[in-house]
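Breakdown of the fold
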Amino acid sequence: MLLSDQAGQTAAAKIPRPTTLRESVIEAIQELIVSGQLKPGQHLVESELAELLGVSRQPVREALQQLSGEGWVDLHPGQGAFVHVPTVEEADQLLAVRTLLETESARLAAQHAGEEGVKRLRALCARGIAAVQSDDVDDAVATNSELHALVTDLSGNRVLAELAAQVARRVRWYHTPVARQRGMASWDEHTELIDAIEAGDERKAAKIMREHTEHTRSSYMEQREGAPAEPAPKPVRRRRPRRLG
C-alpha cells in the first residue's frame, strides 16, 4: 500500500515485521527469568533450554548472546551461561529511575485519566486484591505491572511511556521476590493513588506514587541485605514446556 505525505511524495506504508524464532526465544527466556522460574545465578544449559522451549540449540545460543549484551545473562568462558545476579547498586539505580518516571506519570494521570481511565484502574486494582487474597503471587505481580503501565499510559505523555516501558520488565523482575512481603499494603496504596487520580489531585497522586515506589525499593533492598548466599545452580525445570517453532 502506498501513501502520500504532506509534500505530495509517495511513501510505502510500514509493514509489520514478523517475529523471528530468535526473538521468540529471547522473549521466552526473559519471561522465565522475570517470573523466577530461572533464578539469579542459575546455570543455563543450552540443550535443556532448547528441549524446554521446543527449539534447536542454535536460536538458544543466539538468544543467550543477545541477553548477555542486555544484562540478563552472564557468559563465563569455559563455564557457560548463567542468569545475571543484579548487584544492589544496579537495582537501586533502576528503582530510583522508576520512582522518578512513575511519580510524573501519576501527576499527569490526575490531569488526563478521565472517568473511563479511572474505571480501568479500579478494575485492575480489584483483580490485584483478589490475587493477594488467594495468594496468587504470579497474578498479583502481573496485575501490578499492568496497573503501573496503565497509569503511565493515562499520563498522555508518549515519551514518558516509552521510557517507563524500557525499565518495566526489569522492575517486575525486582518486584517478584518482594510481592508477597508487600502484600495487601501495596494494593491499599494503589487504591489511595486511584482516589487521588479520580479527584484530579496532581500533587497528592505524585506523592502517593513516589512513596509507593520507594516502599518497593526499600523492601527489595532489605530482602537483598537479609538474603542468604545464592544456592548452587539448579537444572532448568521442565514444567509447562511450550513450542515456539
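In the nomenclature of an unreviewed UniProt entry, the protein chain corresponds to GntR family transcriptional regulator from the organism Nonomuraea fuscirosea.

With 18 residues, helix H6 (residues 137-154) ought to run about 26 Å at 1.5 Å a step, and its terminal C-alpha atoms sit 26 Å apart, in line with that. Three or more residues of H6 are buried, namely Val 137, Ala 140, Val 141, Thr 143, Asn 144, Leu 147, His 148, Leu 150, Val 151, Thr 152 and Leu 154.

What follows concerns the nonpolar core. Of all hydrophobic cores here, the largest spans 35 residues; its most connected members are Ile 29, Ile 33, Leu 38, Leu 44, Leu 64 and Val 73. Residue assignment for this core shows that the elements contributing at least two residues are helix H1 (21-34), helix H2 (46-53), helix H3 (57-69), strand E5 (80-83), helix H4 (88-112), helix H7 (158-175) and helix H9 (202-226). Broken down by element, the residue count for this core peaks at seven residues, all from H1. Membership of the second largest hydrophobic core comes to 20 residues, among which are Ala 113, Leu 193, Ile 194 and Ile 208.

All right, on to the pairing of E5 then. Within a regular strand, side chains alternate between the sheet's two faces. Sheet topology note: the strand E3 (residues 43-44)/E5 ladder contains two bridges and is antiparallel. Residue pairing in the sheet places Leu 44 in a bridge with Ala 81 of E5. As defined by bridge partners, strand E4 (residues 73-76) adjoins E5 across four bridges and the pair is classed as antiparallel. Counterpart to His 76 in the pairing with E5 is Gly 80. In this structure, the hairpin formed by E4 and E5 is closed by a connection of three residues, where Gly 78 is found at a positive phi of approximately 80 degrees.

On inspection of all chains with the given rule, the structure shows three aromatic pairs. Ring centres of Trp 173 and Tyr 174 lie 5.7 Å apart, and the angle between their planes is 20 degrees; on these two criteria the pair is classed as stacked. We classify Trp 173 as buried; its relative accessible area is 6%. Judged by its relative accessible area of 2%, Tyr 174 falls in the buried class. Through pairs of rings, three or more aromatic residues link up here, namely Trp 72, Trp 173, Tyr 174 and Tyr 220. The cationic tip of Arg 170 hangs over the ring face of Trp 72; the distance from NZ or CZ to the ring centre is 4.2 Å.

Moving on to unusual backbone geometry. The backbone of Asp 135 sits at a positive phi, close to 60 degrees, despite the residue not being glycine. Position of Asp 135 among the secondary structure elements: in the loop between helix H5 (114-133) and H6. Overall, the relative accessible area of 46% leaves Asp 135 in the partly exposed class.

Structurally, the position occupied by Lys 119 is in helix H5. The class for Lys 119 is exposed, based on a relative accessible area of 58%. Spatially, the C-alpha atom of Lys 119 lies 9.4 Å from that of Ile 194, the residues being 75 residues apart in sequence.

Before going further, it helps to examine the packing of H4 against helix H8 (residues 179-199). Interhelical geometry of H4 versus H8 gives an angle of 45 degrees and a closest axis separation of 6 Å. Accordingly, the angle class assigned to the pair H4 and H8 is oblique. Counted together, Ala 106, Ala 109 and Ala 110 of H4 and Leu 193, Ala 196 and Ile 197 of H8 form the full contact between these two elements. The class makeup of the residues in the contact of H4 with H8 is six nonpolar, no polar and no charged.

Residue placement: Thr 103 occurs in helix H4. Using a relative accessible area of 11% as the deciding quantity, one classes Thr 103 as buried. A polar atom in the side chain of Thr 103 sits 2.7 Å from the backbone oxygen of Thr 99. Sequence-distant contacts of Thr 103, that is, excluding residues within four places in its chain, are made with Ala 206, Met 209 and Arg 210.

Before going further, it helps to examine the packing of H4 against H6. Between two packed helices, what matters for the description is the angle formed by their axes and the separation of those axes. Closest axis-to-axis distance for the H4/H6 pair is 7 Å, and the angle between their directions is 60 degrees. With respect to H6, the axis of H4 lies oblique. Our pair here, H4 against H6, has a crossing hand that is left-handed. Residue-level contacts link Arg 98, Glu 102, Ser 105, Ala 106, Leu 108, Ala 109 and His 112 of H4 to Asn 144, His 148, Val 151, Thr 152 and Leu 154 of H6.

This paragraph deals with the sheet that holds E5. If you trace the three strands from one edge of the open sheet to the other, you get E3-E5-E4, paired in antiparallel fashion. The sheet is open, and its two edges are formed by E3 and E4, each paired on a single side. Its contacts with the sheet put H3 on E3, E4 and E5, and the angle it makes with E4 is roughly 110 degrees.

The rules behind these values
Residues numbered from 1 in each chain as written. Predicted model: local features only at pLDDT ≥ 70, side-chain atom pairs only at ≥ 80, totals over all residues. Heavy atoms only, no water. Helix = DSSP H or I, 4+ residues; strand = E, 2+ residues; numbered from the N terminus. Expected span 1.5 Å × (residues − 1). Buried < 20%, exposed > 50% of the residue type's maximum accessible area, 1.4 Å probe, protein only. Core = buried A, V, L, I, M, F, W, Y, C linked by side-chain atoms within 4.5 Å. Pairing = 2+ DSSP bridges. Phe/Tyr/Trp six-rings, centres within 6.5 Å; stacked < 30°, edge-to-face > 60°. Lys NZ or Arg CZ within 6 Å of the ring centre and 35° of its normal. Axes fitted to C-alpha atoms, helices over the stretch in contact; angles between N-to-C directions. Parallel < 35°, antiparallel > 145°, perpendicular 65-115°, else oblique. Contact = heavy atoms within 4.5 Å. Nonpolar A, V, L, I, M, F, W, Y, C, P; charged D, E, K, R; others polar. Polar contact = N/O pair within 3.5 Å; in protein donor to acceptor, adjacent residues only side chain to side chain. Left-handed = near helix turned anticlockwise from the far one by under 90°.

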